[in-house]
Amino acid sequence: MVQIPVEIWARIRAELIRSPIWLAILVVAVLGALTWKKNIGLDSPDFKVFYTAGKFALEAPEKIYRESPDRYLYPPSTAILFGPFAKLEWGKARAFWYALSLLALVCIAGSSWTMLLAFLILARYFSINLRYGQVNILILFLMMAAHFSRRDRITGPLLAFTTSLKIFPGVQSLGFILERRWKLILTATLTGFFLLALPFLFWGFETAKLVYGEFPSALADKGIPVHSHNQSFISVLMRFLHSDSFFIFPITWAFWRIVEWPLDLLKVFALLIGGGLTFFAWRKAYLRKLPLDALSATGFTILFLSHIV
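Residues numbered from 1 in each chain as written. Predicted model: local features only at pLDDT ≥ 70, side-chain atom pairs only at ≥ 80, totals over all residues. Heavy atoms only, no water.

Novice: How would you sum up the overall build of the protein chain? Please name residues and give values.
Specialist: The secondary structure content of the protein chain amounts to 16 helices and two strands. In the protein chain, which comprises 309 residues, the proportion classed as buried is 40%. (Helix = DSSP H or I, 4+ residues; strand = E, 2+ residues; numbered from the N terminus. Buried < 20%, exposed > 50% of the residue type's maximum accessible area, 1.4 Å probe, protein only.)

Okay, structure coming up:
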């Protein structure tokens, strides 16, 4: 029987103590097993939106914003980037996306003991993402990769890609600007322009122009989040300065008004209020250089960008 030297055992134990990767694999595997049946039952509705957009990107791009199974509210370039998934049968693509999400969770939870604890606290929310096949797990993983990478040629494209999926990852650019990482900002900007130009390169000018023309309409049709996002600045302003009714969850629809102001003006005010508060939060974090200030500024900016803009 081969005996492993004591020194090697000591190194193995030290590594297990230093990194929680094996425990993270176990925890994520358990979470994945518990949510897989629900993912199958719901048929991964959020991922199906991306999958369908990818299929249309390859076959009929003019249908991207017209025949989505729910609401495709992302740039045309995102549909192209999901094209490889559409090459697979739906069942295989769904399983592959689920496995990719689990792998991203392992990388997130296994990065440190602190991250593993945070993962356990937020396990319910990660399970919801897994059930519906949402893209948030991938975005979080790429945001972490951008944060910890010191190579601007990698961080810049990651920043541009995640911000093209959802606007709130753009909050990272504030920190990078304060760090004066101009090469990173340049690579992110160039990648952003490439993503904007990708539909023209992939479909041709006329088709890309048609699809881009329908993108703003798809966003506008979503409507202002007065019903579900009652904490937004625009919702508060609309309660007192606009004539639309709103929903007091979970009681009833309500209506009150002090004066009637144009909706576009209220949007500008909401943007200025949130933008001003965001600026001062980051300015305070930059001057005091305390980790909790930076965390607070990041959290507020994400809430602002995801609920107000």
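Novice: Describe the pattern of salt bridges, listing the residues and the values that go with them.
Specialist: In the structure shown here, the tally under the stated rule is five salt bridges. Between Arg 66 and Glu 214 there is a salt bridge, with the nearest N and O atoms lying 2.6 Å from each other. Here Arg 66 is found in the loop between α3 (45–59) and α4 (76–81), whereas its partner Glu 214 is found in helix α13 (residues 205–222), with 148 residues between them in sequence. Taking the relative accessible area as the measure of exposure, Glu 214 reaches 18% and is therefore buried. In this structure, Arg 181 and Asp 152 form a salt bridge, with 2.8 Å as the shortest nitrogen-oxygen distance. Residue Arg 181 is found in the loop between α11 (172–178) and α12 (182–203), and its partner Asp 152 is found in helix α10 (residues 152–165); the two are separated by 29 residues along the sequence. Its relative accessible area of 17% is what places Asp 152 among the buried residues. Residues joined by salt bridges that share partners form a network here, namely Asp 43, Lys 48 and Arg 94. (Salt bridge = Lys/Arg side-chain N within 4 Å of Asp/Glu carboxyl O.)

Novice: Hey, could you go over unusual backbone geometry for me, with residue numbers and the actual values?
Specialist: One non-glycine residue, Ser 44, adopts positive backbone phi at about 45°. Examined against the element boundaries, Ser 44 turns out to sit in the loop between α2 (21–42) and α3. We classify Ser 44 as buried; its relative accessible area is 1%. Although it is not a glycine, Arg 180 sits at a positive phi angle of roughly 60°. Its location among the elements puts Arg 180 in the loop between α11 and α12. For Arg 180, a relative accessible area of 57% translates into the label exposed.

Novice: Describe in detail helix α6 (residues 90–109), supporting the description with residues and values.
Specialist: For α6, built from 20 residues, the straight-helix expectation of 28 Å at 1.5 Å per residue is met to within 8% by its first-to-last C-alpha distance of 28 Å. Within the sequence span of α6, burial applies to Trp 90, Ala 93, Arg 94, Trp 97, Tyr 98, Ser 101, Leu 102, Ala 104, Leu 105, Val 106, Ile 108 and Ala 109. The inward-facing, buried residues of α6 contact α2, α3, α5 (83–86), α7 (113–121), α8 (123–132) and α9 (136–148). (Expected span 1.5 Å × (residues − 1). Contact = heavy atoms within 4.5 Å.)

Novice: Quick one: what's the story with the side chain of Ser 149, residue by residue and with numbers?
Specialist: Of note, Ser 149 is situated in the loop between α9 and α10. Classification of Ser 149 as buried rests on a relative accessible area of 13%. Sequence-distant contacts of Ser 149, defined by excluding residues within four places in its chain, comprise Ile 154, Thr 155 and Arg 181.

Novice: How would you explain the packing of aromatic side chains if you had to name every residue and give the values?
Specialist: On inspection of all chains with the given rule, the structure shows 22 aromatic pairs. Aromatic side chains Phe 50 and Tyr 74 sit 4.8 Å apart centroid to centroid with 40° between the ring planes, which places their arrangement in the tilted category. Taken together, the residues span a long stretch of sequence, with Phe 50 in helix α3 and Tyr 74 in the loop between α3 and α4 at a distance of 24 residues. In this pair, the class of Phe 50 matches that of Tyr 74, namely buried. A centroid spacing of 4.6 Å and a plane angle of 25° characterise the contact between Phe 50 and Phe 82, whose relative ring orientation is stacked. (Phe/Tyr/Trp six-rings, centres within 6.5 Å; stacked < 30°, edge-to-face > 60°.)

Novice: Could you give me a rundown of a nonpolar patch on the surface, with the residues and numbers involved?
Specialist: Residues Val 236, Phe 240, Trp 256, Ile 258, Val 259, Trp 261, Leu 265, Val 268, Phe 269, Leu 272, Ile 273 and Leu 277 make up a contiguous nonpolar surface patch of about 1,000 Å² in total accessible area. Secondary-structure elements contributing two or more residues to the nonpolar patch are α14 (233–241) and α15 (263–288). Counting residues per element, the nonpolar patch draws most heavily on α15, which supplies six residues. Its place among the elements puts Ile 273 in helix α15. (Patch = residues over 30% accessible without salt bridge, like charges linked within 9 Å, V, L, I, M, F, W, Y side chains within 5 Å. Areas by Shrake-Rupley, 256 points an atom, 1.4 Å probe, with all protein chains shown as cover.)

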